[in-house]
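Remarks on the overall topology
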Amino acid sequence: TADQILRIISQPPAGPPTSQPTNIAPEIKELKDLPVREDQIIQDINIDDIVSDKEDPQGDLSLRVFSGDAEKLSATVIQNLITRLILIPNAIGTVPVTFTIEDTDGLESSKTINVIIAPENDAPTILSLPPRIASSRLEYIYEIQGFDVDGDLIAFELFDSPENVILTPSGIDTARVSFQPEKRGTTELITVLVKDQFGGQGHQSWQVEVR
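The structure contained in this document is the topic of the report that follows. (Residues numbered from 1 in each chain as written. Predicted model: local features only at pLDDT ≥ 70, side-chain atom pairs only at ≥ 80, totals over all residues. Heavy atoms only, no water.)

1. What to know about the pairing of strand β15 (residues 174–179)
Among the 6 residues in β15, 5 count as buried, and that is most of the element. Pairing geometry for strand β12 (residues 140–147) and β15, over 6 bridges, is antiparallel. Looking across to β15, one finds that Tyr-142 is bridged to Val-177. As defined by bridge partners, strand β14 (residues 166–169) adjoins β15 across 4 bridges and the pair is classed as antiparallel. When the sheet's bridge partners are listed, Leu-167 is paired in β15 with Val-177. Where β14 hands over to β15, the hairpin turn is made up of 4 residues, counted between the paired strands. (Buried < 20%, exposed > 50% of the residue type's maximum accessible area, 1.4 Å probe, protein only. Helix = DSSP H or I, 4+ residues; strand = E, 2+ residues; numbered from the N terminus. Pairing = 2+ DSSP bridges.)

2. A few points about the sheet that holds strand β18 (residues 201–206)
In space, the 3 strands of this open sheet follow the order β13-β17-β18, with antiparallel pairing throughout. A single partner strand is all that each edge strand has here, and the edge strands are β13 (154–160) and β18. This sheet shows a mean twist of 20 degrees between the axes of neighbouring strands, independent of strand direction. As judged from the 6 bridges shared by β13 and strand β17 (residues 190–196), these two strands associate in the antiparallel manner. Note on β17: the bridge partner recorded for Asp-160 is Thr-191. (Axes fitted to C-alpha atoms, helices over the stretch in contact; angles between N-to-C directions.)

3. Here we look at the layout of surface pockets
Estimates place the volume of the largest pocket at around 260 Å³. Partitioned by chemical class, the residues of the lining of the largest pocket number 4 nonpolar, 4 polar and 5 charged. (1 Å grid on protein atoms, 1.4 Å probe; cavity = no way out; pocket = protein on both sides within 12 Å on 5 of 7 lines; lining within 4 Å. Points joined across faces, edges and corners; volume = space filled by probe spheres on them. Nonpolar A, V, L, I, M, F, W, Y, C, P; charged D, E, K, R; others polar.)

4. Observations regarding the pattern of salt bridges
Think of it this way: side chains of opposite charge can pair up when their charged atoms draw near. On inspection of all chains with the given rule, the structure shows 7 salt bridges. Residues participating in the shared-partner salt-bridge network are Arg-64, Glu-102 and Glu-108. (Salt bridge = Lys/Arg side-chain N within 4 Å of Asp/Glu carboxyl O.)

5. Brief notes about unusual backbone geometry
Of note in the backbone geometry, Leu-81 takes a positive phi value of approximately 75 degrees without being a glycine. Counting through the fold element by element, Leu-81 comes out in the loop between β6 (73–79) and β7 (82–87). In this model, Asn-90 sits at a positive phi of 70 degrees, which is unusual for a non-glycine residue. Tracing the backbone through its elements, the reader meets Asn-90 in the loop between β7 and β8 (93–102).

6. Let's talk about the environment of Asp-122
Here Asp-122 lies in the loop between β9 (108–118) and β10 (125–126). Taking the C-alpha atoms as reference points, Asp-122 and Gly-199, 77 residues apart in sequence, are found 9.4 Å from one another. Those residues within four positions of Asp-122 in sequence are excluded, and the remaining contacts are Glu-38, Asp-39, Asn-90, Asp-148, Val-149, Asp-150 and Asp-196. (Contact = heavy atoms within 4.5 Å.)

What follows is the structure, given as structure tokens:
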């Protein structure tokens, strides 16, 4: 009919389909590996200056962070785009840490760095507690127990004590402190050092009340 012909010729010509805009993921610029020392306090990491979203420059970006070895290093977002890394005491080795940013459209980008933890020598310690009361009729004996978290060899040294105090090595990480009390009262200060072969040093000091 004439009406149908009129409707057909009045329609606009068909053209190519309109393309939809392509969503673009946010970008993280280069993050460098982080060398640290064992038990070091790491400064908080702010990635605000190295992230961008070309599609929505003013849009908000959220951050997630993941530690590849939680037994050596913990990773937490403490504020948007700011991460805090905390070393677990005495941990050494290399830990991968992944930073992931997400835009408001749900698109993500990730970068992974390595936190390289170099060892530091830990000073040995003394685990045992000395007897602080003795009898004037009995020999005073203290079996002292040392420990080095690095597994280093340790040795004991009598640093300060009354003249009749004797220190005798008794094992790989033990020694005996002994003396025969000469009179009642409180002895002078007794100090024993424990050392490893790399210069680490701990100590223990005490006095004994002789009754």
